[in-house]
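Report on the structure
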Number of protein chains: 2
Amino acid sequence: MATLGDIGVAAGINLLSAFVFLLAFAILRLQPFNDRVYFPKWYLKGLRSSPSRSGTFVKKFVNLDFRSYLRFLNWMPEALKMPELELIDHAGLDSAVYLRIYLIGLKIFVPITFLAWAVLVPVNYTNKTLELQLKNVTSSDIDKLSISNVPDGSDRFWTHIVMAYAFTFWTCYVLLKEYEKVANMRLQFLVSEKRRPDQFTVLVRNVPPDSDESVSETVEHFFLVNHPDTYLTHQLVKKRKSKQNWLDYYQLKYSRNNAKRPIMKTGFLGLWGKKVDAIDHHITEIKKLSDEIAEERERVLKDPKSIMPAAFVSFKSRWGAAVCAQTQQSRNPTLWLTDWAPEPRDVYWQNLSIPYVSIAVRRLIMAVAFFFLTFFFIIPIASVQALATIEGLEKAAPFLKALIEIPFIKSVIQGFLPGIVLKLFLIFLPTILMIMSKFEGFTSISSLERRSATRYYLFNLVNVFLGSVIAGSALDQLNTFLKQSANEIPKTIGVAVPMRATFFITYIMVDGWAGIAAEILMLKPLIIYHLKNTFLVKTEKDREEAMNPGSLSFNVGEPRIQLYFLLGMVYATVTPVLLPFIVVFFGLAYVVFRHQIINVYNQEYESAAAFWPDVHGRIIIALLVSHVALIGLLSTKHLAQAAPLLITLAVLTIWFYRFCKARYEPAFVRYPLQEAVMKDTLERARDSNFNLKPYLQNAYIHPVFKEEDDDEEEEVVKLENESVLVPTKRQSRRNTPVPSKMSGASSQSLPEAVPEHSVP
Amino acid sequence: MATLGDIGVAAGINLLSAFVFLLAFAILRLQPFNDRVYFPKWYLKGLRSSPSRSGTFVKKFVNLDFRSYLRFLNWMPEALKMPELELIDHAGLDSAVYLRIYLIGLKIFVPITFLAWAVLVPVNYTNKTLELQLKNVTSSDIDKLSISNVPDGSDRFWTHIVMAYAFTFWTCYVLLKEYEKVANMRLQFLVSEKRRPDQFTVLVRNVPPDSDESVSETVEHFFLVNHPDTYLTHQLVKKRKSKQNWLDYYQLKYSRNNAKRPIMKTGFLGLWGKKVDAIDHHITEIKKLSDEIAEERERVLKDPKSIMPAAFVSFKSRWGAAVCAQTQQSRNPTLWLTDWAPEPRDVYWQNLSIPYVSIAVRRLIMAVAFFFLTFFFIIPIASVQALATIEGLEKAAPFLKALIEIPFIKSVIQGFLPGIVLKLFLIFLPTILMIMSKFEGFTSISSLERRSATRYYLFNLVNVFLGSVIAGSALDQLNTFLKQSANEIPKTIGVAVPMRATFFITYIMVDGWAGIAAEILMLKPLIIYHLKNTFLVKTEKDREEAMNPGSLSFNVGEPRIQLYFLLGMVYATVTPVLLPFIVVFFGLAYVVFRHQIINVYNQEYESAAAFWPDVHGRIIIALLVSHVALIGLLSTKHLAQAAPLLITLAVLTIWFYRFCKARYEPAFVRYPLQEAVMKDTLERARDSNFNLKPYLQNAYIHPVFKEEDDDEEEEVVKLENESVLVPTKRQSRRNTPVPSKMSGASSQSLPEAVPEHSVP
């Protein structure tokens, strides 16, 4: 166990490295040639253009204005300056609410920290238990401030119980207020949002096959009968699978061609073959390819077999859509499944046609798979690690023997390889979980991410938190827990928790302080951008792709934050020394991510904060874990009355969770009719001549088929403006949110000329 | 442990007593003077009249036709003869589906019994484990047929595992088919039902207060705005509470007066005071009372404070009601809560106005209370039992000392009192659970009964099943389980289960054979009826009340049946000898209850089999308990591979449950729009001029206020037909189901003359 001094040194080192990262960031971001890395969002929104267009050659790359370096930390107040409403407008509600997770961390832990230091630290410190056991090597300065320093059976433990109540009540109060606020923000956002196709549209799955009618006719008839007053139109979902490969292949070829050099050889990789004028060659090539694409697309559209038993059904009013999404349509609840249509950008097309029973089976398989992944992942890892030893490698690849025997390489293998194997697994874990979610058949990207986040959180809870506390693999834990009696389990956790405080403090500093500071420096995107920019970028579109930072990945980020909530809750009563470290993490991360969201990340979709119930639920889990740990700890301290009191607290917390779920979760799942009517009435009054049908006609088209329409639309533009070979901004729009200032998804609305393949 | 011979003797005794009961029933039911006890349903339906009107005096009371005694068991085929569709018509879907619970027991256990006796019994019997341990006193003949006879680690256990799979799959298959069947029956019933008010009506609770508008205006405005095309009318719910006492008091007085003798004294109990002509006296008395009642009612109706924030809102079509019931109305999900209106008979009026937060708190309190009731009920019982000893009584009531010291009384107190205290508690338990459910705020009688049934089942599972297996109070078990490790718990159960087989066989014979036979004899109602008939009955109405058998109480009956499912499942693989006893129970109970439902019980309400998901879920619980027990048992038999296989089986079972829940439960909760539209269209075509508004206007009126309208309606009839003092059949209608043959709830539809206090 470390002394306070050790912690101080570690804190110094981590603060220093965080400071170095921040300094490097401050300098790098001021250089014009990095501008696209640190402010890509503004470029993608079209609000910022390369600063390199004017000025001297040097000025294009290096900022020589020394005054700007003096204000090198002013990105921080700048990041905080943008008001929340503007932020919602700028980056979407998802991002704005994501930031509130950090804010809620501050709101919860700042008062708790003050209270804990004012009350618990003095209460703990003024005991002499640990001094008496001077011989005990495991005690340290930090332990003197923790609950370990209070003698067994002391009445002072009542302070801890009272504090546990106070902390829980305060957390629940903040959670309640925040849930209310976020639910209001969501409803406000949905109301104030301009007309969007998903407000009028319902996703219908499992359309039953009909031998007499085509899918389109079946859908139309069904909804004309069952929603006679509100049904407007529908779009079918085309099957991509079988035909997709060819389309993809052609499209890839098509886009690749744009990036090739003007003069090239026609042979393999342009290394041999006769030289031809590249532009001429490509014009013919592209002509051929686009003909093939069109042909293939035509074939898909005409093939009745390529139509999936799913449709996007649009209604005349939000009321109609709200009614259809919330009701059961058919006698058989596995047919005609209706649900809110996700945003067009948010649709996960591959999963729209999975039959009901198949989904049920897939969920079962994935639940079992996840159980094994969580508790038994260590087995394959260990066997790979066993292979990754000297002997293992020599056996597996005898020809490497000479190489391996070199002492330096040997020590590298022995020292790092097992660790790297584990690290690699952990890096790929979110991807594995995402694949599992996709297999389960969710129909929107946002729900895929939420599911993955839940699983990642559980994995972390078991393997990182419990794994560190009890110091063993999840498999060992499972064994321990199975063999222990029900009231031994909290004891095992409770006893181990205070002993691991210093470990977690170090963890917070490395992962939470330096890690967050490294996040803002964006070293990887920076290097990749410059590499791409130097060697690959040919056109404006390429540059846009190179600088695209992607979106904030909820499925990785949120579970990581939740670990801090968990640590904060568990240690608040046990080792309050840990709390300031948590507070610093939340403060720093809030500023950094606010900056990143304003300037860098570009959300792929907008789910209107649909993830908040998950966030709320996991903070409740953190509270419950803290209660269990405290029950366990106090039961070893000979305070029998503690358990019933703390069990009461846990029951109250669960009740609070259920209350909030019933009170606020509907706002994230359903759409109240009152709101729908209000909005409908308003819009009818304001804009009574608007023709919804063409607006909704093609809102939901698979991106592959959509290209066609875009192409037609833009070919005209292209021919007039630019070289034929350079595609326009079209590609980038894929990543740009529909500008909410303009009237709806104008970029999705298409000219009437498009063949109407979906409406009979 | 009993030998096979002992079991045979016990079986003989119980069979004999069952036979005696059946014989007594066969004789008693043929006596005309018992006719109203054994066929009250037919009387209440008006399809049977007293046989005593004609014939000689003796024939009025005793059946002298000896031929009828020869066919004394012919009620059995008669009970089975009525086809199910007719049964639904006669007794309602609830009763018909209730019978299917027994039928499903037969469907599950008959094949399982054959399979178990064909495979498991020989496998168990051909071992010699128990013979070798001849000294072991606990082994018996029955044990030789059970799994205990198979030696540790034997490969023969694979038979048991395979059988566990076979039994589980068979049960799940039957459950699936049955769920499908019942769901179809329910939908069919709802469709084929004639027009009923609840098809068009939604119960709206938590109407927010509005300072400018009355509740009625608020409701009307809200629904006119949010359901503009379908809203028809609404009825407010009047508060009874504060004013109710007076009404009740007057009404009681009013009805009491009818029962008094023609000549009486005006003083206390008619024992002194001056003699007056009773009829004259009562006419003036009644006049006074009914004036007061009318006045009081008027006051309640006019008082705006007596209107509760709840309303029954009716729609123009079933579609409109289905939409409103399934959607969220307001931004705040705790306001404007909409749900299907229960049948008018099924409404539990007292709970309609409980605010949302209050309900949440009540649920928490009751959950905690139920936990303590289940696990700690033994504490107050024990303390009362302690008081009910000689010493306790002498201390509490010293003046009884002389009496208690008499040896006979002393031994009675010592022998019976403690048992009686426990028995009394168990008799009152369903009532206690019902009160708890009422406190929780459910709004229909059917949901109250379902909730109580769930709790009663859990109580039985813990205290009767586990309590008998582990032989200790629930409190002891809780202690044992908390102190045992997770994989010790199944072992504890598994080891104890085979040892308790004989106990449960005896239990089944006493409770399931003789008990069911006693049920049909209806000794208690028989005695009560004759007592009442002799001493109290004055009028036809009194006689109807005296013979009213009440309804089948789901909250007591269903949990009792479930105990047999549980025993059957658990012992199917362990001690197959028990299975035939279960089969006999299900067969006998099916016949008996089919007879009772046809001839005796009179359902209070019709919930269209809304309880089936609960029945299904509890049979699944029985399966899971059986898996746990088998896992525990086999893990003590040194068969390590068994556990993963059986855990897989349990996981599959849980998955099956979830699948069924998603697939079939919506049929019991929601009302598919397709059905609603179909029915609406049909009805519009058939009966296009029907005016719904007056039909629905007064369908939902609190019984107290309803009486008024009935009175007005019937006063005319009364004056014309009968003596003023004898109320007409009005009272009995309360217990009669709305005849489904006639066009809807005609008995609830009222003349237009009724003052419209509910519609603005």
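These numbers come from a predicted model, not from an experiment. Numbering of residues starts from 1 in each chain and follows the order in which that chain's sequence is written. All chains are assigned letters beginning with A, and all ligands numbers beginning with 1, in the order in which they are written. Where local features are concerned, this predicted model is filtered to residues with pLDDT of at least 70; where side-chain atom pairs are given and counted, the filter is 80 or more; whole-chain, interface and lining totals use all residues.

**Focus on the overall build of chain A**
Defined as follows: For the purposes of this entry, the term helix denotes a DSSP run of H or I that reaches at least four residues, the term strand denotes a run of E that reaches at least two, and both are numbered from the N terminus. Here exposure depends only on C-beta density: within 10 Å of a residue's C-beta, 20 or more other C-beta atoms make it buried, 12 or fewer make it exposed, and intermediate numbers make it partly exposed, the C-beta atoms being placed from the backbone. Think of it this way: build a C-beta for each residue from its backbone, and any pair within 7 Å is a contact.
Looking only at helices and strands, chain A has 36 helices and 6 strands in total. Buried positions account for 36% of the 760 residues belonging to chain A. The long-range share in chain A, meaning contacts at least 24 apart out of those at least 6 apart in sequence, stands at 81%.

**Considering the relation of the copies chain B and chain A**
This is how it is decided: Least-squares superposition aligns the copies on the C-alpha atoms of those residues with pLDDT at or above 70 in both.
If you rotate chain B by 180° and push it 0.0 Å along the axis, it lands on chain A with an RMSD of 0.1 Å. These values place the two chain copies in the arrangement generated by a two-fold rotation axis. Counting the interface residues of chain B, we find that 100% of their copies in chain A are interface residues as well, pointing to one common contact surface.

**Considerations on the interface of chain B and chain A**
What counts is decided by this rule: Gly counts as polar in this scheme, as do all residues outside two lists: the nonpolar Ala, Val, Leu, Ile, Met, Phe, Trp, Tyr, Cys and Pro, and the charged Asp, Glu, Lys and Arg.
Taken together, the contact pairs 36 residues of chain B with 36 residues of chain A. Looking at the side of chain B that touches chain A, the elements that each hand over two or more residues are helix 13 (215-226), helix 16 (318-326), helix 17 (356-376), helix 23 (474-483), helix 31 (642-664), helix 32 (666-669) and helix 33 (673-686) of chain B. Of the residues contributing to the side of chain B that touches chain A, the split by class is 19 nonpolar, 11 polar and 6 charged.

**As for the pairing of strand 1 (residues 201-205) of chain A**
Residue and element names in this part refer to chain A. Put simply, the test is: Two strands qualify as a pair provided DSSP detects at least 2 bridges between them.
Most of strand 1 sits inside the fold, with 5 of its 5 residues counted as buried. The two faces of strand 1 match: T201, L203 and R205 on one face and V202 and V204 on the other face are all buried. Judged from the 4 bridges that link them, strand 1 and strand 5 (residues 307-315) form a sheet pairing that is antiparallel. The residue bridging L203 from the neighbouring strand is F312, located in strand 5. In the sheet, strand 1 pairs with strand 6 (residues 337-340) via 4 bridges, with the strands oriented antiparallel. Paired with V204 across the bridge in strand 6 is T338.

**Here's the deal with the packing of helix 22 (residues 445-470) of chain A against helix 28 (residues 554-574) of chain A**
Residues and elements named next belong to chain A. Using the following cut-off: Structural elements are reduced to axes, namely lines fitted to C-alpha atoms, with helices fitted over the stretch in contact, and the angle between N-to-C directions of any two is expressed from 0 to 180 degrees. To sort the angles, those under 35 degrees are grouped as roughly parallel, those over 145 as roughly antiparallel, those from 65 to 115 as roughly perpendicular, and the leftovers as oblique. Each crossing gets its handedness from the near helix: less than a right angle anticlockwise from the far helix is left-handed, clockwise is right-handed.
With their axes 8 Å apart at the nearest point, helix 22 and helix 28 run at an angle of 40° to one another. Regarding the angle of helix 22 to helix 28, the classification is oblique. Handedness of the helix 22/helix 28 crossing: right-handed. Between helix 22, through E449, S452, A453, Y456, Y457, N460, V464 and F465, and helix 28, the contact on the second element is made entirely by F554, N555, V556, E558, P559, Q562, L563 and L566. When the residues that make up the contact of helix 22 with helix 28 are grouped by side-chain class, the tally is 10 nonpolar, 4 polar and 2 charged.

**Regarding the environment of A367 of chain A**
Residue placement: A367 of chain A occurs in helix 17 (residues 356-376). The spacing of A367 of chain A and E440 of chain A is 73 residues in sequence and 9.5 Å in space, taken between C-alpha atoms.

**Overview of unusual backbone geometry**
At N206 of chain A, a residue that is not glycine, the phi angle is positive and equals roughly 55°. Tracing the backbone through its elements, the reader meets N206 of chain A in the loop between strand 1 and helix 13 (215-226).

**Thoughts on the confidence of the model for chain A**
All names here are of chain A. The cut-off we apply is this: pLDDT is a residue-level measure of predictor confidence that goes from 0 to 100.
In this model, chain A carries a mean pLDDT of 75, and residues with pLDDT of at least 70 account for 73%. Per-element averaging of pLDDT across chain A places helix 36 (residues 730-733) at the bottom with 37 and helix 30 (residues 612-635) at the top with 92. The low-confidence segment residues 259-272 (pLDDT under 50) makes 21 contacts with residues lying over four places distant or belonging to another chain. Ignoring residues within four places in sequence, the model shows residues 708-760, a span with pLDDT below 50, making 62 contacts including any to other chains. We note a pTM of 0.80 for the whole complex and an ipTM of 0.76 for its interfaces.

**A closer look at the environment of H234 of chain A**
Residues and elements named next belong to chain A. Topologically, H234 is positioned in strand 2 (residues 231-238). H234 sits in the buried class, given 25 other C-beta atoms within 10 Å. C-alpha separation for the pair H234 and F312, spaced 78 residues apart in sequence, amounts to 5.4 Å. Those residues in contact with H234 that lie beyond four places of it in its chain are V219, E220, A311, F312, V313 and S314.

**Brief notes about the packing of helix 25 (residues 501-521) of chain A against helix 29 (residues 579-599) of chain A**
All names here are of chain A. Viewed as axis vectors pointing N to C, helix 25 and helix 29 meet at an angle of 15°, and their least axial separation amounts to 9 Å. Our classification of the angle between helix 25 and helix 29 gives roughly parallel. Where helix 25 crosses over helix 29, the two elements pack in a sense that is left-handed. Between helix 25 and helix 29, the residues in contact are I505, I508, M509, G512, W513, I516, E519 and I520 and F581, I582, V584, F585, L588, A589, V592, H595 and Q596, respectively. For the contact of helix 25 with helix 29, the class distribution of residues is 13 nonpolar, 3 polar and 1 charged.

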